[in-house]
Amino acid sequence: MRFSTSFTLFVLVYIYDIIVTGSCREEIEQAILLLNKSYSLKDIGDLNYFLGIEVKAAREGLHLSQKRYIEDLLKRSKMDNAKSLPTPMISNLKLTSSKGDLVPNATEYRSIVGGLQYVTITRPEIAYCVNKVCQFMQNPLNLH
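Residues numbered from 1 in each chain as written. Predicted model: local features only at pLDDT ≥ 70, side-chain atom pairs only at ≥ 80, totals over all residues. Heavy atoms only, no water.

### Quick look at the environment of F7
At step 1: Locating F7 in the fold gives a position in the loop between β1 (2–3) and β2 (8–14).
At step 2: With relative accessibility at 7%, the residue F7 sits in the buried group.
At step 3: In this structure the C-alpha to C-alpha distance between F7 and C24, which are 17 residues apart in sequence, comes to 5.8 Å. (Helix = DSSP H or I, 4+ residues; strand = E, 2+ residues; numbered from the N terminus. Buried < 20%, exposed > 50% of the residue type's maximum accessible area, 1.4 Å probe, protein only.)

### Thoughts on the pattern of salt bridges
Any two side chains of opposite charge can pair if their charged atoms end up close together.
At step 1: Within the structure shown, the criterion is met by three salt bridges.
At step 2: E29 serves as the salt-bridge partner of R25, at 3.6 Å between the closest nitrogen and oxygen. Pair noted here: R25 and E29 are both in helix α1 (residues 25–38), with a separation of four residues, about one helical turn.
At step 3: R123 is paired through a salt bridge with E125; the nearest N and O atoms lie 2.5 Å apart. (Salt bridge = Lys/Arg side-chain N within 4 Å of Asp/Glu carboxyl O.)

### Comments concerning the sheet that holds strand β6 (residues 61–65)
At step 1: Reading across from one edge, β4-β5-β6 is the order of the three strands in this open sheet, with antiparallel pairing throughout. Every other strand in the sheet has two partners, leaving β4 (49–50) and β6 as the edge strands with one partner each.
At step 2: Pairing of strand β5 (residues 53–58) with β6, which is carried by five bridges, proceeds in the antiparallel orientation. Bridging from a neighbouring strand, A58 pairs with G61 of β6. (Pairing = 2+ DSSP bridges.)

### Observations regarding the packing of helix α2 (residues 67–76) against helix α3 (residues 106–119)
Working note: a packed helix pair is described by the angle between its axes plus the distance between those axes.
At step 1: Where α2 contacts α3, the two axes come as close as 11 Å, and the packing angle between them is 160°. If you check the angle between α2 and α3, you find them roughly antiparallel. Seen along the crossing, α2 lies across α3 with a hand that is left-handed. The segment α2 lies against α3, with Y69, I70, L73 and R76 engaging E108, S111, I112, G115, L116, Y118 and V119.
At step 2: Residues of the contact of α2 with α3, tallied by class, amount to seven nonpolar, two polar and two charged. (Axes fitted to C-alpha atoms, helices over the stretch in contact; angles between N-to-C directions. Parallel < 35°, antiparallel > 145°, perpendicular 65-115°, else oblique. Left-handed = near helix turned anticlockwise from the far one by under 90°. Contact = heavy atoms within 4.5 Å. Nonpolar A, V, L, I, M, F, W, Y, C, P; charged D, E, K, R; others polar.)

### Overview of the nonpolar core
At step 1: Grouped together as the largest cluster of nonpolar side chains are seven residues: F7, L9, V20, C24, I28, A31 and L35.
At step 2: The leading source of residues in this core is α1, at three residues.
At step 3: Setting aside residues no more than four positions away along its own chain, V20 makes contact with L9, F10, V11, I28, A31, I32 and L35. (Core = buried A, V, L, I, M, F, W, Y, C linked by side-chain atoms within 4.5 Å.)

### A few points about the packing of aromatic side chains
At step 1: Going through the model one piece at a time under the given rule, you end up with one aromatic pair.
At step 2: Ring centres of Y69 and Y118 lie 5.3 Å apart, and the angle between their planes is 70°; this geometry places the pair in the edge-to-face category. Pair noted here: Y69 is in helix α2 and Y118 is in helix α3, with a separation of 49 residues, a long-range link.
At step 3: Seen from the ring of Y49, R68 lies directly overhead, with NZ or CZ sitting 3.8 Å from the centre. (Phe/Tyr/Trp six-rings, centres within 6.5 Å; stacked < 30°, edge-to-face > 60°. Lys NZ or Arg CZ within 6 Å of the ring centre and 35° of its normal.)

### What to know about the side chain of Q66
At step 1: Along the polypeptide, Q66 turns up in the loop between β6 and α2.
At step 2: Residue classification places Q66 among the buried residues on the basis of a relative accessible area of 2%.
At step 3: Residues within four places of Q66 in sequence aside, it is in contact with G52, I53, E54, Y118, V119, I121 and T122.

### Focus on a nonpolar patch on the surface
At step 1: Together, V11, V13, I18, I32, Y39 and L41 make up an exposed nonpolar region whose accessible area comes to about 490 Å².
At step 2: Along the chain, Y39 falls in the loop between α1 and β4. (Patch = residues over 30% accessible without salt bridge, like charges linked within 9 Å, V, L, I, M, F, W, Y side chains within 5 Å. Areas by Shrake-Rupley, 256 points an atom, 1.4 Å probe, with all protein chains shown as cover.)

Structure follows, in C-alpha cells:
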C-alpha cells in the first residue's frame, strides 16, 4: 500500500495472485513494471472476481459484491429456498449453550459459520448475528 497527497496505490497479494489498484493509472502501471522486474507477472486484465468477491468498476470507484458466494453458501447449507427477512435475527433472541440438541455435523456448522464470517466483508449488517452463532462453535446445537 502506498499513499501520497495526490494518489493511493494498493497491492493485494494472495498466494500467487496479485492485484494492483489505485487512484492513478500511471502509478499503477509503474508499480506493475517494477513488480515485473522481480516476478514473472501475467496481466489477465480488469479484475472481475477475486476470493469470492465480484468486482465491478463504477465511476465513483469499485463495487464489491459476494452474491455468487452467498448463493453457494445458501445451497451448501440447504437454505437456498428460504425466504428472506428484513432483519437478520430476532432482536430479543437469547441463545444458550444448554438448550437444544447437538447438530448432526459440527464440522459443517463451523464451515457455514466461517463462510458467514467472510460474508461480513460486504454485508456488515449481519456481523452481530454471525458473532452470536460464532460463540457456539465449540458445541453447536440445533437452535443455533
